[in-house]
Each structure stands twice: as C-alpha cells, then as structure tokens.
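Single-letter residue listing:
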Amino acid sequence: MLNTLKISGAAGLAALMAAPAMAQEAGPVMDKGDVSWMLVSTILVLFMILPGLALFYGGLVRSKNMLSVLMQVTMITAMVMVIWVVYGYSFAFGGGEGPFWGGTAKLFLAGVTADSMAATFSDDYVIPEFVFIAFQMTFAAITPALIVGAFAERIKFSAVLLFTAMWVTVVYFPVAHMVWDANGLIFNMGALDFAGGTVVHINAGIAALVASIIVGPRLGLGKDMMAPHSMTLTLVGAGILWVGWFGFNAGSNLEANGGAALAMINTFTATAGAILAWSAVEALTRGKASMLGAASGLVAGLVAVTPAAGSIGPVGAIVLGGLASVVCYYFVAVVKNKFGYDDSLDVFGIHGIGGIIGAVGTGIFTAPGLGGVGGDDYSIASQTWIQIEAVAITIVWCGVASAILLYITKAITGLRVEGDDERRGLDLSSHGEQAYHS
Amino acid sequence: MKLIIATIKPFKLEEVREAVTATGVRGMMVTEIKGFGSQSGHTEIYRGAEYAVNFVPKVKLEIAVPDSIADEVVSAIAKTAKTDKIGDGKIFVLDLESALRVRTGETNEDAL
C-alpha cells in the first residue's frame, strides 16, 4: 500500500527498461491496458489546458482582454512543451541522483526510443517512456499556465513568456524532481503527492501571489466594472477541467487498475463536496448561490483532491473538498480584499490555498480509520508533519525564486503594459485583434 | 410634425408598439439604452468584489408623427407603458423641422 510508493520508484525512473516486454522471465511487462489508459490520460490533461483552463480564465476577464488570456495559455503551453523535450524532462527525471536535479543525461530525450520503458507503481509493470514523458509534459505546461490568472488584464506578453521559461527551469523542474523522482528530496522524506498538489497547485498559487503583488493591481480596481464577461464560457471551461482532471489524477496512477479507480472516484466526490460547500457558504454569506461560486468550488475541490487522490477514501474526499471550499472562499472573499493584492483570477486563493489544504489533508485522510489506504502502523501526526514540511519547502523555494525571476523579467522586458494600452484592452494593444465585434 | 422620444421598460415594448401602430403610425425607431431616474440600480458581488450597477436597462422609442395625432400617440404610449411602479419612463415631444423619405423624395408629412 503506502510502501509501494517508495519501492517501485514511483514516477521516478528507477527501473528503466530498454527492451520490450519479455515473455518467459519474471521481468516487468508492458500491459496494453495500462498504456491505453495513459495515452488517454495524457490527452485529457492537454484538454484541461486547451480549451479548459483557457476558457475558464477567459470568461472571467473583461471582453477586451479575452484573447490575451487565451493567447497566454496557448503560448505557454507550446513553449513549455518544447522546453520539456529539450531539457525539462532531463532536469526533472533524467536519472540523476541528486535531491534537486535530474541531471543532463536525457537532454533532447537522448537515448529514449519507442521501446524504452518507464516504471509504474507496480514492480511487474512498465509503460513506454514516451508516454510517461508526454504525460509529465502536460503537467509541466499547465502549471505556468495557471499563473496567468494572477496578472491578467495588465501583463506584458513578452514578460509572460520570459518569466515562464525561467520559472519552469528554476522552480517547476526542481520541485517535480524533489517530489516525484525516487531520488528527490521531498519524495525521500516520505511525502505523499499523488498528482501534484505541491508541484502544480501550490507552486502556481505561490508564484501567483508573489506576481500579483510585484506586478501591482489593475488600473481602476475597486472602481471600474470588472465582472466576468462570460460566466457561460467559464462554466464550459470548468466542466472541461473536471473531465480532464480524471486524466490528471487517475492518470497519475500510471496503470489502469484499482488505484486509478480510487483516484477517479475521489475526483468525483471531492469535487461534488466542494461545489455544495461553496454554494452553501455563499448562500449564507452573500444571500445567493452564484455560478461563479459553484465553478470556483468545483476547481477548489479538484485542487484539494489532487495530492490525495490515490490514498484517501471517497467519503473522506467529500469532506476534504468541502473543507477546501470553505477555506478558499474565505481567502478569496475576505483575505484578498483585506490585504489588497490583485490576484485577479484567484490563483492563490484557489490553487495555492486549495493545494495547501489538500496536501496537508492528505496526511490526515490517508489514515485507514478515515477510509484511506494507510497501513496498520499509519500515524496521522507523523505523515501530516511530513506533508507540512513538503508544503513549506515548496512555498519557500517557489516564493523566493518567483520573486527574483519577476524582478529579472521587469528589468529585461518590463512587466506591465502602458496605462493607455491597459485601458484599451490587451487584445487590441498586445495582439491587434478583438474577441468580439458587436 | 413632432418627434416623440419615449423611454419605457423593456418588457413593455410589444404592448406599446401595438398601441402606437393602432393610431396609424407606420414606423418607429427602437434603441436599447441604460439610464437612471428614480429607479436605482443593483449590486453584484463576484467572489467578494462588489460592483454597484447604477444604470437600469430601458428601451428608447423615437417616433416622428404629424401634429394631428401627436397627442393621441403620447397617450397610447403612456397608457400601455404604465405599471404604477417607479421606472415606468418618460415621454418627451420635440418640434420636428422636416422629414424626407429617401426612396421617393417625399417630404414632411408625406414622408411619415
């Protein structure tokens, strides 16, 4: 159960095979069912980014900035995919033995062929390494794409690209290595992060918080009408995110078996609990439950269950999702206004806070008494403490690095567009086009 | 000739149109507008960000009529647009100096 995460080297490539599945000996085999599932999971995660996240974010901004959001998400995706193949995969999972870095052995995916195999959580089964590379590539792409919500409607396009390229290099790849590679620092602490509560959500959330402060608030904040221009599209995006997230969570199981089934059902129930909780809180505090609230709860629940999907139980997941909604609501509706940072699309409020709740909550809800997969000797206190340490390392590494990179970006390209361009809208000023013509 | 400018509640448009055309008027211009008068707007809250929406959607009618039926048209509008609640609207009457039908060149009352 828990122990298998360490033994088979998890998402790290401890057992690399260069030959196809063997027939007679007791070596690991490639199961076509596992491969089919992983192929599908990979494209589900791409679907989460385009058009899922693109529309979710796009609908939340004013119509004059719609295309800029779509563009930033699209370009980040393409750029990070190229970077991943060139050096990202190597830095994260290149087989290097250091705790922070995977090394240069797999630059340009050197040595990887269609017959190369990668380990799964089961000693007996492997999947093609290209599938693993592609699957992880989508994770590397979505994480920086999440950050754009923090500085939407005012960021310079060139700044987005430059910051993203540096950020994945210095934050994402090292944290992915630390958490998911068998030689990683956080992995070897025994932290549980099934699909990326720390690697994806806390990373994106902290970078977003730092960015929203350093970039500064939108012109007219608090005075101008900045309501979402299309809650309809936002819900379309949210729905796509939920569907795609099954690839994100259940695909992180790397095999098509009971583990994937557990991750799948958790991805249902946590989200359901979160939607209900956010709507309930909103109905109580605001008087009416809104579509924006339900969609926000939806995402908060998914974020929270991301690190926990493979190790908690489905009923515990409902509670975890509900808890995430309540806390995220508080940060989004109260804390943000109180401190005045313009995290425009609530990346920190939902991904950052939801990720922290989920990561720490994983330590609690993995307990067998709460329906989790923990063994008889499972200690809530000690695992939760490990989770907290993992979260803290991620926050510090990401926070400091993001701040430095933002200032570097500011010096090279500048961060914000000119005031007039911001007022005109980024679609026209940065991209020379309009989303809608009346 | 007179130019009648009326603001009414949007859901009243069809009713008003019927009453106006019953007086013999054969055309009108309709614009969707927003405005405020005695009726106040509303507040929207998006994830804790509160927006006061001070304008209310209305429909504006512009109708050019001969002097002879101007009063009748104003009454027709007033009667059908009324709901006895604030925000029912206003009707203004302006003197219209000239009119021209583009297709035929007819002028003034012949153009209406």
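Refer to the structure presented above.
Given the structure is predicted, the values throughout are model-derived calculations rather than measurements. (Residues numbered from 1 in each chain as written. Chains lettered and ligands numbered in written order. Predicted model: local features only at pLDDT ≥ 70, side-chain atom pairs only at ≥ 80, totals over all residues. Heavy atoms only, no water.)

A. Seen up close, the overall build of chain B. If you tally the helices and strands in chain B, you get two helices and six strands. Referenced to the eigenvectors of the C-alpha coordinate spread, the extents of chain B come out at roughly 60 × 30 × 20 Å. Out of the 112 residues in chain B, the part that is buried amounts to 32%. When contacts within chain B are restricted to residue pairs at least 6 apart in sequence, those whose partners lie at least 24 apart make up 72%. Approximately 7100 Å² of chain B is accessible, and the part contributed by carbon and sulfur atoms is 53%. Each charge class in chain B can be summarised by its mean position, and for the 15 positive and 17 negative side chains these summaries are 6 Å apart. (Helix = DSSP H or I, 4+ residues; strand = E, 2+ residues; numbered from the N terminus. Buried < 20%, exposed > 50% of the residue type's maximum accessible area, 1.4 Å probe, protein only. Contact = heavy atoms within 4.5 Å. Areas by Shrake-Rupley, 256 points an atom, 1.4 Å probe, with all protein chains shown as cover. Lys, Arg positive; Asp, Glu negative; His and termini not counted. Charge placed at Lys NZ, Arg CZ, Asp CG, Glu CD.)

B. Local environment of the pairing of strand S5 (residues 56–65) of chain B. All names here are of chain B. In the sheet, strand S1 (residues 2–8) pairs with S5 via seven bridges, with the strands oriented antiparallel. Each residue of the ladder has a partner; that of isoleucine 4, found in S5, is isoleucine 63. Here strand S2 (residues 29–35) pairs with S5 via seven bridges, running antiparallel. The partner of glutamate 32 across the bridge, within S5, is valine 59. (Pairing = 2+ DSSP bridges.)

C. Main features of the side chain of glutamine 383 of chain A. Residue and element names in this part refer to chain A. Along the chain, the position of glutamine 383 falls in helix H13 (residues 380–412). With relative accessibility at 8%, the residue glutamine 383 sits in the buried group. Once residues lying within four places of it in the same chain are set aside, the contact partners of glutamine 383 are Gly190, Ala191, Leu192, Gly363 and Tyr378.

D. Representation of the sheet that holds strand S3 (residues 125–128) of chain A in the model. Residues and elements named next belong to chain A. Across the sheet, which stays open at both edges, the three strands sit in the order S1-S3-S2 with mixed pairing between neighbours. Looking at the sheet topology across the chains shown, the edges are occupied by strand S1 (29–30) and strand S2 (117–119). Bridging between S1 and S3 involves two bridges; their strand directions are parallel. By the bridge assignment, methionine 30 is partnered in S3 with valine 126. Across the sheet, helix H2 (residues 32–60) is in contact with S1 and S3; its angle to S3 comes to roughly 45°. The sheet strands contacting helix H4 (residues 129–147) are S2 and S3, and the helix crosses S3 at an angle near 70°. (Axes fitted to C-alpha atoms, helices over the stretch in contact; angles between N-to-C directions.)

E. Summary view of the layout of surface pockets. Estimates place the volume of the second largest pocket at around 420 Å³. In terms of lining, the second largest pocket is formed by 21 residues, of which the most central are Arg218, Leu221 and Lys336 of chain A together with Ala49 and Tyr51 of chain B. Residue assignment for the lining of the second largest pocket shows that the elements contributing at least two residues are helix H11 (314–339) of chain A together with strand S4 (49–53) of chain B. If you tally residues by element for the lining of the second largest pocket, the top one is S4 of chain B, at three residues. A class-by-class count of the residues in the lining of the second largest pocket yields 11 nonpolar, four polar and six charged. (1 Å grid on protein atoms, 1.4 Å probe; cavity = no way out; pocket = protein on both sides within 12 Å on 5 of 7 lines; lining within 4 Å. Points joined across faces, edges and corners; volume = space filled by probe spheres on them. Nonpolar A, V, L, I, M, F, W, Y, C, P; charged D, E, K, R; others polar.)

F. Geometry of helix H5 (residues 157–180) of chain A. Within H5 of chain A, the axis deviates most sharply at valine 168 of chain A, by approximately 45°. In terms of residue burial, H5 of chain A counts as a mostly covered element, since 19 of its 24 residues are buried. (Bend = angle between axes of the 7 residues up to and from the residue.)

G. Representation of the packing of aromatic side chains. All names here are of chain A. Scanning all chains against the criterion turns up 25 aromatic pairs over all chains. Consider the rings of phenylalanine 91 and phenylalanine 173, whose centres lie 6.5 Å apart with planes at 80°: the pair is edge-to-face. Of this pair, phenylalanine 91 sits in helix H3 (residues 66–93) while phenylalanine 173 sits in helix H5, and the two are 82 residues apart along the sequence. According to the relative accessible area criterion, phenylalanine 173 is buried, its value standing at 0%. Taken together, a centroid distance of 5.5 Å and an interplanar angle of 75° make the contact between tryptophan 278 and tyrosine 329 edge-to-face. With tryptophan 278 in helix H9 (residues 258–286) and tyrosine 329 in helix H11, this pair connects stretches of sequence that are 51 residues apart. Judged by relative accessible area, which is 1%, tryptophan 278 ranks as buried. Here the aromatic residues Trp84, Tyr87, Tyr89, Phe91, Phe93, Trp101, Phe132, Tyr172 and Phe173 are joined through ring pairs into a cluster of three or more. (Phe/Tyr/Trp six-rings, centres within 6.5 Å; stacked < 30°, edge-to-face > 60°.)

H. Expanded view of the sheet that holds strand S6 (residues 91–95) of chain B. Residue and element names in this part refer to chain B. Pairing is antiparallel across the open sheet formed by four strands, whose spatial order is S2-S5-S1-S6. In this open sheet, the two edge strands, each paired with only one partner strand, are S2 and S6. Averaged over all pairs of adjacent strands, the angle between their axes in this sheet comes to 25°, without regard to strand direction. Direction of pairing for S1 relative to S6: antiparallel, over a ladder of five bridges. From the neighbouring strand, alanine 6 faces S6, where its bridge partner is isoleucine 91. Helix H1 (residues 13–21) contacts S1, S2 and S5 of the sheet and is inclined by roughly 10° relative to S5.

I. The nonpolar core, seen in detail. Among the nonpolar cores identified, the biggest contains 125 residues, and Tyr57, Trp84, Trp167, Tyr172 and Phe248 of chain A are the most heavily contacted of them. With 14 residues, the top contributor of residues to this core is H5 of chain A. Apart from the residues within four sequence positions on either side, tryptophan 167 of chain A is in contact with Thr143, Pro144, Ile147, Tyr172, Asn203, Ala204, Ala207, Cys398, Ser402 and Leu405 of chain A. Listed in part, the 15 residues of the second largest apolar core include Ile4, Ala6, Val16 and Val59 of chain B. (Core = buried A, V, L, I, M, F, W, Y, C linked by side-chain atoms within 4.5 Å.)

J. Geometry of the packing of helix H12 (residues 347–365) of chain A against H13 of chain A. All names here are of chain A. It is at 7 Å that the axes of H12 and H13 come closest, and there the two elements cross at 160°. With respect to H13, the axis of H12 lies roughly antiparallel. Remark: the crossing between H12 and H13 carries right-handed chirality. Where H12 abuts H13, its residues Ile356, Ala359, Val360, Thr362, Gly363 and Ile364 lie against Ile380, Gln383, Thr384, Gln387, Ile388, Val391 and Ile395. Considered class by class, the residues forming the contact of H12 with H13 number eight nonpolar, five polar and no charged. (Parallel < 35°, antiparallel > 145°, perpendicular 65-115°, else oblique. Left-handed = near helix turned anticlockwise from the far one by under 90°.)

K. View of the pattern of salt bridges. Scanning the model with the defined rule gives 17 salt bridges over all chains in all. Among the ionic pairs, aspartate 224 of chain A bridges to arginine 423 of chain A, the shortest N-O distance being 3.3 Å. Here aspartate 224 of chain A, found in the loop between helix H7 (197–215) and helix H8 (231–250), pairs with arginine 423 of chain A, found in helix H14 (residues 419–424); they are 199 residues apart in sequence, far enough to count as distant. The exposure class assigned to aspartate 224 of chain A is partly exposed, which follows from its relative accessible area of 28%. Exposure remark for arginine 423 of chain A: the relative accessible area of 47% places this residue in the partly exposed category. Close ionic contact of aspartate 95 of chain B with lysine 2 of chain B constitutes a salt bridge, the shortest N to O distance being 2.8 Å. One end of the pair, aspartate 95 of chain B, is in strand S6; the other, lysine 2 of chain B, is in strand S1, with 93 residues separating them in the sequence. Shared partners join several salt bridges into a network, and the residues in it are Arg62, Glu153, Arg218 and Asp342 of chain A. (Salt bridge = Lys/Arg side-chain N within 4 Å of Asp/Glu carboxyl O.)

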